[in-house]
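Spelled out, the chains give:
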Amino acid sequence: MKGVERYAGFTPIDLVDRTWPAQRIRTAPRWLSTDLRDGNQSLANPMTPERKLMMFELLVDMGFKEIEVGFPVASRSDHDFVRMLIEQDRIPDDVRITVLTQAREELIKETLDCLDGAPRAMIHIYNATCPLFRDVVFGIDRDSCKKMAVAATQVMMDHAQRRLPGTDLSYQYSPELFNETEPDFSLEVCEAVMDAWQTGPGRGIILNFPTTVERSLPNVFADQIEWLDRNLTRREHVCLSVHPHNDRGTGVASAELALLAGAERVEGCLFGNGERAGNVCLVTLGMNMYSHGIDPGLDFTDISTIRRTVELCNQLPVHPRHPYGGDLVYTAFSGSHQDAIKKGFDEMERQAARLEVPSAQLPWRVPYLPVDPKDVGRTYEAIVRVNSQSGKGGVAYVMSAWHGLNLPRGLQADLAAKVQAHADAMGGEVSPSLMGTLFAQEYLHHGDLAETSAWQAPITASLHVDGDFDHTGPQADTFRTLGALLGPWGIQVRVVHRTGRSLDHEELAPGRRLLGGAKRAETVIYAECALGDEVAWGVGIDADIATAAFLAVRAAGVRLVRESDTSRAAVGAAAGH
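For clarity, every value in this text was computed on a predicted model and none was experimentally measured.

Student: I keep staring at the packing of helix α4 (residues 105-114) against helix α6 (residues 142-163) and nothing clicks. Help me out?
Tutor: The packing of two helices is summarised by the inter-axis angle and the distance between the axes. Where α4 meets α6, the closest approach of the two axes is 10 Å, and the angle between their N-to-C directions is 35°. Considering the relative orientation of α4 and α6, their crossing is right-handed. Residues Glu-105, Ile-108, Lys-109, Leu-112 and Asp-113 of α4 pack against Ala-152, Val-155, Met-156, His-159, Ala-160 and Arg-163 of α6. Residue composition of the contact of α4 with α6, grouped by class: six nonpolar, one polar and four charged.

Student: How should I be thinking about the sheet that holds strand β8 (residues 265-268) in this particular structure?
Tutor: Taken in spatial order, the eight strands line up as β1-β2-β3-β4-β5-β6-β7-β8 and close into a barrel, and their pairing is parallel. Each adjacent strand pair in this sheet contributes to an overall mean axis angle of 25°, direction not counted. In the packing of helix α3 (residues 76-87) onto the sheet, contacts are made with β2 (66-70) and β3 (96-102), and the angle to β2 comes to roughly 130°.

Student: Please clarify how the pattern of salt bridges should be interpreted in this entry.
Tutor: Charged atoms that come close allow side chains of opposite charge to pair. One pass over the full model with this rule turns up 38 salt bridges. The partner of Glu-68 in a salt bridge is Arg-37, and the shortest N-O contact between them spans 2.8 Å. In this pair, Glu-68 sits in strand β2 while Arg-37 sits in helix α1 (residues 35-41), placing the two residues 31 residues apart along the sequence. Arg-37 matches Glu-68 in its accessibility class, with the two residues each being buried. For Lys-52, the salt bridge is made with Asp-78, and the minimal N-O distance between the two is 2.7 Å. Here Asp-78 lies in helix α3 and Lys-52 lies in helix α2 (residues 49-62), a separation of 26 residues in the sequence. With a relative accessible area of 4%, Asp-78 lands in the buried category. One network of salt bridges, with partners in common, ties together Arg-134, Arg-142, Lys-146, Glu-182, Asp-184 and Glu-188.

Student: Just checking my understanding: could you explain the UniProt feature "binding site: Mg(2+)" (unreviewed entry) in the chain for this structure?
Tutor: The UniProt record marks Asp-38, His-243, His-245 and Asn-279 with the feature "binding site: Mg(2+)" (unreviewed entry), using the residue numbering of this structure. A maximum C-alpha distance of 10.7 Å is found for the annotated residues, which run over 242 residues; spatially they form one tight group. In the annotated set above, the residues contributing to the lining of the second largest pocket are Asp-38, His-243 and His-245. Take His-245: it is sitting in the loop between β7 (238-244) and α9 (251-260). If you trace the backbone, Asn-279 turns up in the loop between β8 and α10 (282-290).

Student: How should the pairing of strand β1 (residues 30-33) be read in this particular structure?
Tutor: Remember that side chains alternate between the two faces of the sheet whenever the strand is regular. Summarising the sheet, β1 and β8 pair through four bridges and their orientation is parallel. For Leu-32, the partnering residue across the bridge sits in β8 and is Glu-267. Pairing between β1 and β2: two bridges, direction parallel. Paired with Leu-32 across the strands is Glu-66, a residue of β2.

Student: Can you walk me through the side chain of Arg-134 in this structure?
Tutor: With respect to the element layout, Arg-134 can be found in helix α5 (residues 131-138). Residue classification places Arg-134 among the buried positions, given a relative accessible area of 6%. With near-sequence residues (within four places) excluded, Arg-134 lies in contact with Thr-129, Gly-139, Ile-140, Asp-141, Arg-142, Cys-145, Glu-182 and Phe-185.

About the thresholds
Residues numbered from 1 in each chain as written. Predicted model: local features only at pLDDT ≥ 70, side-chain atom pairs only at ≥ 80, totals over all residues. Heavy atoms only, no water. Axes fitted to C-alpha atoms, helices over the stretch in contact; angles between N-to-C directions. Helix = DSSP H or I, 4+ residues; strand = E, 2+ residues; numbered from the N terminus. Left-handed = near helix turned anticlockwise from the far one by under 90°. Contact = heavy atoms within 4.5 Å. Nonpolar A, V, L, I, M, F, W, Y, C, P; charged D, E, K, R; others polar. Pairing = 2+ DSSP bridges. Salt bridge = Lys/Arg side-chain N within 4 Å of Asp/Glu carboxyl O. Buried < 20%, exposed > 50% of the residue type's maximum accessible area, 1.4 Å probe, protein only. UniProt positions renumbered as here; feature names shortened; annotations may be inferred. 1 Å grid on protein atoms, 1.4 Å probe; cavity = no way out; pocket = protein on both sides within 12 Å on 5 of 7 lines; lining within 4 Å.

Structure follows, in structure tokens:
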């Protein structure tokens, strides 16, 4: 690619004895949401006060205990929002708000004034420490850069003591562009800041290390964090925090590896909103932990509402394939995926029946679905959606989940071919409702059984029972009697299988319906009728098992004869031509 020579690789830190690759994430970190500050600053149309309050309340409801609510000196709207939260007593007792400011005396004083009356707050001061900013932006050397951070800390302490005597005030310092700063200088600045803050027992500090512009592989960031974790003094009084950005698309990986390396706190935004390519996505990061059996300490049980609220507040759509929260993230169109998902659900149901426990209590093991969609408030309706790429697994899932019909494999393939032909001809998806209509038109057609009597060769009918069936009881006698009754029409009943259980409206989700006007606890019979090499299917639904079987055989027999007549006519016409 042209121009590649203009870009240099990133020099890794010399940490040959790194230990983080052997670690495991066992507990959730402390979380800080920056949606109302970093996220809001990245919006083309920053949030209105109403949208800010909506976002704040969502974050509180989700369980965030630290929320960066604004950059008060950056805009009047940020200042007024912080004042509104304080003056209207909207900050819960277990939540600490955070405000950000640059390491400049007049800005620090204005920021602290904005916190007047806050019961609990944190001031977050930053200054850029990397060579590019020292040389190009500020024109200062390392010593001047360090003095800037120390002076800012001292100004904050002096002013806070005079103006905020009733506020439980915490302190956070960030060496901005940490990932591009020499490790020894980052350590030097942080140690000087801790000296000024008098870090020690009862006087902790948050040191936050941002990948302000993500430039290196996430393992390099992990090495940087482990190096700091080893070398910071007063480590027991330091909360080591990270603020990964996503310029390389690895913000989540950077956060996860940093946690392995010793980080205890993560800053980010819901669905990764933030400058340029965004911040680390706290939804993805938290749900990754959840999928490994770790309680994230945040409530994602209604992820669709979270997504809709974030979209409304940010005026930005969440991508349909965004991990865990996107509209299509639990949806399979591929036939092989659909087949595996259906088999996974079927096996879960079998295990639940064997153990006599609800399937929701079993360990989650379904192909292609890392978590149970119901655990995050999603339903199963959209897991499988059918189009021209789908196969019998998807068709079978929709017919079972939406219409309560457990189709035999042969009928699955037969219906799938017809559904695919419809999708190819019409384009787009075949909705569950339309699939039900196609199924009814194709297999519930009840013609005149006498149409089969003119056929010389016998038709064999294999019956599949979708419902309770006892091979040894009175129901078996019913099928034997049925076979005798169908004999005069040239139909021989050969085999009976069981495919599922009785239909039950109460087990279907709202909006689903049973086909053919079926009522609770009715039986479905699928008839597979064969005449030589030709096969046709029919379906019967009725409370009486014999009636259901008769209807199914009649539908299949009539279809078989008609299709055979059509086939013979076509062959004859071709021979005559």
